[in-house]
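The chain contents come next:
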Amino acid sequence: MRILITGGAGFIGSHLAEYCLEHGDEVYIIDDLSTGSMENLRHLQRHPDYQNKLFVHINTILNHDLLLELTGICDRVYHLAAAVGVQTILDKPLESIVTNIQGTEKVLEICNKFKKRVLIASTSEVYGKHLHAPLIETDNVIYGPSSKFRWSYAAAKLIDEFTALAYYRTHGLEVVITRLFNTVGPRQTGTYGMVIPRFVRQALKNEPITVYGDGTQTRTFTYVNDVVEAMIRLMASDSAIGEVFNIGGVEEISILDLAQKIIAMTGSSSKLTLIPYDDAFGKDFEDMARRVPSTEKLKQEIDFAPDRDLDFILLKVIEFMKNH
Ligand code: UDP
C-alpha cells in the first residue's frame, strides 16, 4: 500500500513510517519540521531497501496542492501533523490553533475528495481535568477558562474530532479517531515539555530533576511501538470507522515517583527539585491532576492494547539517550 503520514518526521510519525516500510508499504511524508526532525528519518533514508519507498516533503499540510497530489496517490492517510507539547502550545498559541484546526480540516477535505480512509491522531488532553479513572471515550469533557491557554489545545483537538465525525456522518468518509495518552520511546525529545525524556536527560547528566507542582499529578505512559501497532490495526478494521479510541498504557504513576524511579534506574546522583507551575509556565497555567485511559473499547475492537510496562519503556529511553 501507499501510505501518507502527515507529521511523519515527528517522534510517533517516524516510528509509524518505519513500521510501514518494514511491512512493505511505500511511505509519503509531509512535515514542516516545526517539532519533527530529519534526524528521526535518517536511518530509514539510508536503508538500502527503502531507497525508492520513502518520499519526504518538507512542507506544511496547509499547502493545498501538495496535499492534493499526495493524498491522490496514497491508499491511506495517517494525520499526525500537529502542534504538540504543552510548551509549544503556550509559546505559540495562535500558530498552534491554526495548525491544529485548519490543518486537520484541510486533510479531511482532501481525503473526502478522494474518499481515502484517514486516521486522526487526537489526544487524551481532550478529556480535560477529570479526577476519576479510567477515562472512557464517552466521558464528558471538562475545561478551564479561555484565559488558561493550555485548554486551547484540548478544544482544538476536540474540534478536529467533531470535524472528522461530521465528515463521516455527512459524506461517509472513513475516519478513525485515536486519543493518544503520553506516548514515549526512543527519539522523543524533551524540548517541548515531555516529562520522560526531560527527566532521563537530567538524570544522566546528574542535574536536578525538575518536578513541576508538588509532583502528585499522575500519568500513564505508552510505548510508541504499541501505539503504532494499535493505529495500524484500527485502520485495518472496518468496524473502527466513525469511532473514537483511547490508546494508552494503564500503569498509573505520580510524577514524583517517576522521578525517583528514573534516578534509581540510571544510578544518578540527581536531586529532586520542586518547581512551582508559575515558574515553569508563567501565570494562568493549569495542569491535569490525573490521566488514566480505559482500553476496553480498543481491546474489543482489535484484540490488542498497549502492554509494555513502565520499566521496559524507561530502559529503552535510557538506552537510547545514553547512545545519543
Ligand atoms: N512535568 C514535570 N517536569 C518536567 C516536565 C513535565 O514535572 O520537566 C510534569 C508535567 O507538569 C505533567 C507531567 O509531568 O504533570 C507530564 O508532562 P508532559 O508535558 O510530558 O505531558 P502532559 O501529560 O502534560 O501532556
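One can find the structure itself at the top, above this paragraph.
Everything numeric here is computed off the predicted structure, so don't read it as measured data.

Q: Would you mind showing me how to read the pattern of salt bridges here?
A: Pairing between side chains of opposite charge can happen when their charged atoms approach one another. The tally for this structure, following the rule as stated, stands at 17 salt bridges. Put simply, Glu-286 and Lys-129 hold a salt bridge, and the shortest N to O gap is 2.5 Å. Of this pair, Glu-286 sits in the loop between α10 (277-281) and α11 (296-302) while Lys-129 sits in the loop between β5 (117-123) and α6 (150-171), placing them 157 residues apart in sequence. The class for Glu-286 is buried, based on a relative accessible area of 17%. Here Lys-129 falls in the partly exposed class, since its relative accessible area comes to 31%. Each member of the salt-bridge network shares a partner with another, and the members are Glu-125, Arg-150, Arg-219, Asp-287 and Arg-291.

Q: Quick question: what am I supposed to make of the site of the ligand here?
A: Near the ligand lie 18 residues; those nearest to it are Arg-198, Thr-210, Arg-219, Asp-287 and Arg-291. Contact distances for the ligand include 2.6 Å between a nitrogen atom and a backbone N or O atom of Thr-210. A distance of 2.7 Å separates an oxygen atom of the ligand from a polar backbone atom of Tyr-212. In isolation the ligand has 520 Å² of accessible area, and contact with the protein removes 93% of it. The residue makeup of the shell around the ligand, split by class, is eight nonpolar, four polar and six charged.

Q: Sorry if this is basic, but what is going on with the nonpolar core here?
A: One broad rule of soluble globular proteins: the nonpolar side chains tend to lie buried together. Of all hydrophobic cores here, the largest spans 39 residues; its most connected members are Leu-16, Tyr-78 and Met-231. For this core, the element with the most residues is helix α8 (residues 224-235), which contributes eight residues. Other than its neighbours up to four places away in sequence, Leu-16 contacts Ile-5, Tyr-78, Leu-80, Val-228, Met-231 and Ile-232.

Q: Explain the packing of aromatic side chains here, please?
A: The way to describe two aromatic rings as a pair is by their centre distance and the angle between their planes. In this structure the tally under the stated criterion is seven aromatic pairs. For the ring pair Tyr-223 and Phe-312, a centre distance of 5.1 Å and an interplane angle of 85° mean the geometry is edge-to-face. You can see Tyr-223 sitting in strand β10 (residues 222-223) and its partner Phe-312 sitting in helix α12 (residues 310-323), a full 89 residues away along the chain. Look at Tyr-223 and you get buried, because its relative accessible area is 5%. Using a relative accessible area of 29% as the deciding quantity, one classes Phe-312 as partly exposed. A centroid spacing of 4.1 Å and a plane angle of 25° characterise the contact between Phe-281 and Phe-285, whose relative ring orientation is stacked. Like Phe-285, Phe-281 is buried. An aromatic cluster of at least three residues, connected via ring pairs, comprises Tyr-212, Tyr-277, Phe-281 and Phe-285. One Lys or Arg, Arg-150, reaches over the ring of Trp-151 and ends 5.9 Å from the middle of that ring. Above the plane of the ring of Phe-245 lies Lys-297, whose end atom (NZ or CZ) is 4.9 Å from the centre.

What counts and what doesn't
- Residues numbered from 1 in each chain as written.
- Predicted model: local features only at pLDDT ≥ 70, side-chain atom pairs only at ≥ 80, totals over all residues.
- Heavy atoms only, no water.
- Salt bridge = Lys/Arg side-chain N within 4 Å of Asp/Glu carboxyl O.
- Helix = DSSP H or I, 4+ residues; strand = E, 2+ residues; numbered from the N terminus.
- Buried < 20%, exposed > 50% of the residue type's maximum accessible area, 1.4 Å probe, protein only.
- Near = heavy atom within 4 Å.
- Polar contact = N/O pair within 3.5 Å; in protein donor to acceptor, adjacent residues only side chain to side chain.
- Areas by Shrake-Rupley, 256 points an atom, 1.4 Å probe, with all protein chains shown as cover.
- Nonpolar A, V, L, I, M, F, W, Y, C, P; charged D, E, K, R; others polar.
- Core = buried A, V, L, I, M, F, W, Y, C linked by side-chain atoms within 4.5 Å.
- Contact = heavy atoms within 4.5 Å.
- Phe/Tyr/Trp six-rings, centres within 6.5 Å; stacked < 30°, edge-to-face > 60°.
- Lys NZ or Arg CZ within 6 Å of the ring centre and 35° of its normal.

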